[in-house]
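A closer look at the structure
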Amino acid sequence: KTIKLWKVSERDKRAEGYNLRDEEGRLKDLSTITTLQVPVLRPMDLLVEASPRRVFANAHAYHINSISVNSDCETYLSADDLRINLWHLNITDRSFSILMRLT
């Protein structure tokens, strides 16, 4: 009944040698930094990360059967048993209902 937009990414390299952070990610004391270094990319095991980006809620009373992204890449359709909604990716609290009349 709720649509969640997730960002899914893969990484197989990591940057090492930050100027302002140590290897554990903590900030270094700025008074001790005397040189600049260029971070180096090192290979690592493939890591897949998924992080939530947006939640589109309260527009469906039934379980969602279908989602389709439109060719403009800004809008998409979602459908349940009785309703079709048109959404914009930047507007999470509103959608337009598309009503169909069967005769």
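As annotated in an unreviewed UniProt entry, the protein chain is Serine/threonine-protein phosphatase 2A 55 kDa regulatory subunit B from Cirrhinus mrigala.

Attention shifts here to the packing of aromatic side chains. For the structure shown, the criterion picks out three aromatic pairs. With a centroid separation of 6.1 Å and an interplanar angle of 5 degrees, the aromatic rings of tyrosine 76 and tryptophan 87 are classed as stacked. One end of the pair, tyrosine 76, is in strand β4 (residues 75-79); the other, tryptophan 87, is in strand β5 (residues 84-88), with 11 residues separating them in the sequence. Put simply, the rings of Phe56, Tyr76 and Trp87 pair up and form one aromatic cluster.

A few words now on a nonpolar patch on the surface. On the surface, Trp6, Val8, Leu46 and Val48 cluster together into a nonpolar patch covering about 420 Å² of accessible area. For the nonpolar patch, the secondary-structure elements that each account for two or more residues are β1 (3-16) and β2 (40-56). Assignment of secondary structure puts valine 8 in strand β1.

Moving on to the sheet that holds β4. The four strands lie next to each other as β3-β4-β5-β6, forming an open sheet whose pairing is antiparallel. Looking at strand neighbours, the two that pair on one side only are β3 (66-69) and β6 (91-98), the edges of this open sheet. Strand-to-strand twist in this sheet, taken as the mean axis angle between neighbours without regard to direction, amounts to 25 degrees. Note: β3 against β4, four bridges, orientation antiparallel. Across the sheet, the residue bridging to serine 66 is alanine 79, located in β4.

Before going further, it helps to spend a moment on the side chain of threonine 75. Topologically, threonine 75 is positioned in strand β4. At a separation of 2.8 Å, a polar atom in the side chain of threonine 75 contacts the side chain of asparagine 70. Among the polar contacts made by the side chain of threonine 75, one reaches the side chain of aspartate 72 at a distance of 3.1 Å. What threonine 75 contacts, discounting residues up to four positions off in sequence, is Val69, Asn70, Leu86, Trp87 and His88.

Thresholds applied
Residues numbered from 1 in each chain as written. Predicted model: local features only at pLDDT ≥ 70, side-chain atom pairs only at ≥ 80, totals over all residues. Heavy atoms only, no water. Phe/Tyr/Trp six-rings, centres within 6.5 Å; stacked < 30°, edge-to-face > 60°. Helix = DSSP H or I, 4+ residues; strand = E, 2+ residues; numbered from the N terminus. Patch = residues over 30% accessible without salt bridge, like charges linked within 9 Å, V, L, I, M, F, W, Y side chains within 5 Å. Areas by Shrake-Rupley, 256 points an atom, 1.4 Å probe, with all protein chains shown as cover. Salt bridge = Lys/Arg side-chain N within 4 Å of Asp/Glu carboxyl O. Pairing = 2+ DSSP bridges. Axes fitted to C-alpha atoms, helices over the stretch in contact; angles between N-to-C directions. Polar contact = N/O pair within 3.5 Å; in protein donor to acceptor, adjacent residues only side chain to side chain. Contact = heavy atoms within 4.5 Å.

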